[in-house]
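Residues per chain are reported as follows:
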Amino acid sequence: MALQRPKGTQDHLPGGSPKLSLDVSASAFRHVTDIAQRVLERAGAAFIATPIFEEAELVTRGVGGSTDIVRKEMFRVYYAGDHGGFVLRPEGTAGIVRAYIQNGLKQMPSPLKLWTHGPIFRAENVQKGRLRQFHQVDYEVIGSSDALVDAETIWLMVEVVRELGLSGVGVKLGSIGDPADRETYNGYLRGVFAPHVEQLSDDSRDRLTRNPMRILDSKSATDQGLIAELAVRPMLDFLGEDAAGHFGQVRAYLDAWGVAYEVDPSIVRGLDYYRRTAWELHHANIGAKSALGGGGRYDGLAAELGGPQTPGIGWAFGIERILIALEAEGIELPPSPGPLIYIAALDAEYVGLAAKAALSLRSQVRAEFGYKPQKPGNAFREGERRGAVYTALIGSDEAATDTLAVKHLGTGEQESVRLEELAGFLTPDS
Ligand code: HAM
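Residues numbered from 1 in each chain as written. Predicted model: local features only at pLDDT ≥ 70, side-chain atom pairs only at ≥ 80, totals over all residues. Heavy atoms only, no water.

Undergrad: So what's going on with the domain arrangement of the protein? Which residues, and what values?
TA: Bring the parts together and some accessible area is lost; that lost area is often taken as the interface size. Per the domain assignment, the segments making up the protein are domain 1 (22-177 + 239-328) and domain 2 (341-426). A separation of 48 Å is found between the C-alpha centroids of domain 1 and domain 2. (Domains from an automatic or database assignment.)

Undergrad: Just give me the short version of helix H5 (residues 147-163), but keep the residues and values in it.
TA: Along its 17 residues, H5 runs 24 Å from first to last C-alpha, staying within 8% of the 24 Å computed at 1.5 Å per residue. Three or more residues of H5 are buried, namely Ala147, Val149, Asp150, Ala151, Thr153, Ile154, Leu156, Met157, Glu159, Val160 and Val161. Its side-chain oxygen placed 2.8 Å from the backbone nitrogen of Leu148, Asp146 serves as the N-cap of H5. Downstream of H5 by one or two residues, Gly165 has phi in the positive range, about 95 degrees. (Helix = DSSP H or I, 4+ residues; strand = E, 2+ residues; numbered from the N terminus. Expected span 1.5 Å × (residues − 1). Buried < 20%, exposed > 50% of the residue type's maximum accessible area, 1.4 Å probe, protein only. Polar contact = N/O pair within 3.5 Å; in protein donor to acceptor, adjacent residues only side chain to side chain.)

Undergrad: Give a description of helix H2 (residues 56-63) that names residues and reports values.
TA: The set of residues buried in H2 consists of Ala56, Leu58, Val59, Gly62 and Val63. End-on view of H2: buried residues confined to an arc of 160 degrees, all on one side of the axis. Check the buried side of H2 and you find it contacts strand E2 (53-55), helix H3 (68-72), strand E3 (76-79), strand E4 (82-88), helix H4 (93-102) and helix H10 (301-304). Gly64, located one to two residues past H2, shows a positive phi value of around 110 degrees. (Arc of directions from axis to C-beta. Contact = heavy atoms within 4.5 Å.)

Undergrad: Quick rundown of a nonpolar patch on the surface? Include the residues and the values.
TA: Residues Leu148, Trp155, Tyr253 and Trp257 make up a contiguous nonpolar surface patch of roughly 360 Å² in combined accessible area. Those elements that place two or more of their residues in the nonpolar patch are H5 and helix H9 (241-257). Its relative accessible area of 38% is what places Trp257 among the partly exposed residues. (Patch = residues over 30% accessible without salt bridge, like charges linked within 9 Å, V, L, I, M, F, W, Y side chains within 5 Å. Areas by Shrake-Rupley, 256 points an atom, 1.4 Å probe, with all protein chains shown as cover. Salt bridge = Lys/Arg side-chain N within 4 Å of Asp/Glu carboxyl O.)

Undergrad: Summarise the site of the ligand; cite the residues concerned and give the values.
TA: Not every one of the 26 residues close to the ligand is listed here, only the nearest: Glu91, Glu124, Leu131, Tyr274 and Leu292. Side-chain polar atom of Gln136 to an oxygen atom of the ligand: 3.0 Å apart, as the coordinates give it. Between Trp315 and the ligand, the recorded distance is 3.3 Å, taken from a backbone N or O atom to a nitrogen atom. Here the ligand has 660 Å² of accessible area as a free molecule, and 96% of this is covered by the chains. (Near = heavy atom within 4 Å.)

Structure, rendered in C-alpha cells:
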C-alpha cells in the first residue's frame, strides 16, 4: 500500500485536485493568511517567524506544567538517536516572547505588534477540527498593560473573521484575574472539591493538588457533571479590584465600538500564562467544546521565561477550524487565477520558441507553455483547463514571421500578434 500521511495531519491541496473541498484547499488556506496579513499589517503588526521546535523548558515554564498540553500532548524531538530536550511547539506565544527577550526587541517602538502563521503540534485525540499538526494565525502585542490594547486586540481578531466573511461567530469574554485572585479562587476550589475527591477523574484528582482551576477545563464528562452539580462559582466572582477595574475598561471600549461579545464568567483557557482578560471565539459548526480561536493577556510570561517583567496580550486561531467554518457557511472564495496566456507549439521544432515567448512575458504576467507540440484543438482545451485568458499557437507561418496566433478564449477572437508586441497586446481584464 502506498504510504499515508500520519494520523491527525492534513494535506492542503492545490486548486483543481480531485479531492478538493474548501476545508482542505491550499488556496483557501492562503486566503485566510492573506486576509490576516492585510488586517493585521494595517494595524501596524510586523511579521515574525520563530522555530517550530524549542526547548521543552520554554513550553513547560510558559504554557505551564499542569496543563494537558504539557502533560499529555507534547511531541518530543529526537535527533541522531539522542534526545536534545526539544519539543515541537504546541503554540506560538512562548516562542515569540522568548524571541522578543533574546533579540532585544524592547528597543523597537512600544507596544510592539507582531504576527505570524505556521504549524503547531499537539498529540491530541484526533477528531474533526482536532488535529495533531494544525496551523495558527497568531497575533501578539508586547509592552503594554493598557486596557485599550486589550480592546483593540479583540477588535482585530473579530475584524479578521469579519473580513473572511464569517457571520456565525461569537466572542466569549472573561477575566482570570491577577495571580493573587487566582490563588484565592484555587483555595475556594480546593474547598469545594476536596469532599468529593472520589468522584473526580484521576486527572482531576491530580489537578486538585497542582492547579485546581484546571479541573474546570477537564474533558471528562463526570468532572463536568460534578462541576454543574456543585454549582461551582466562576473565576469572575473572585476578581480583585484591579483586575475587575481593568475588565470594566476593556468592556467599555468594546461597547463604545459596537463589538458584540458575551461575558462568559467561567472562561479558564487551556494555558497557564494568562492573567486578566481572556476570551474565545466560537462558531456553531466547530462545536461548543472547541473554539475557532482564543487569546488573553499574559503579563507574567516574559518574567517566567527569565526576561524582564513585560506585559503582553495576543490571540491565535486555528486555520483548519476557520476553513471548516467557511465551508459550513458556504462562503465562496475568489477563484485562483489561471495564466494570462498559454502558449503551444504546433511542431516539436517550435517548442523552444513557445517557451521563449512565455519566459519573456513572465517578468510582467503569468505565462505558461506546452512542453510538447499540440494540435490547435488540444492546445485550446489545455489553455481552458488551466484557466488561461488567451491561448497562442506557434507553427511554421508564425515562426517565419516572428508572430503568434493569439486567441482570446472568452470571445473566440483570434489575431496574429508580433512577438515583441505581445506583452502590450495582452490585457488581463479582457
Ligand atoms: P489555544 O486556545 O490553545 O491558544 O489555541 C488557539 C486556537 O488554535 C484554538 O482556538 C483552535 O482554533 C486552534 N487549535 C487548538 N488545538 C487545535 C487542534 N488540536 N486542532 C486544530 N486546531 C486547534 C493558543 O494557542 C494561544 N497561544 C493563543 C494566544 C496567543 N494567547 C495569547 N497569544
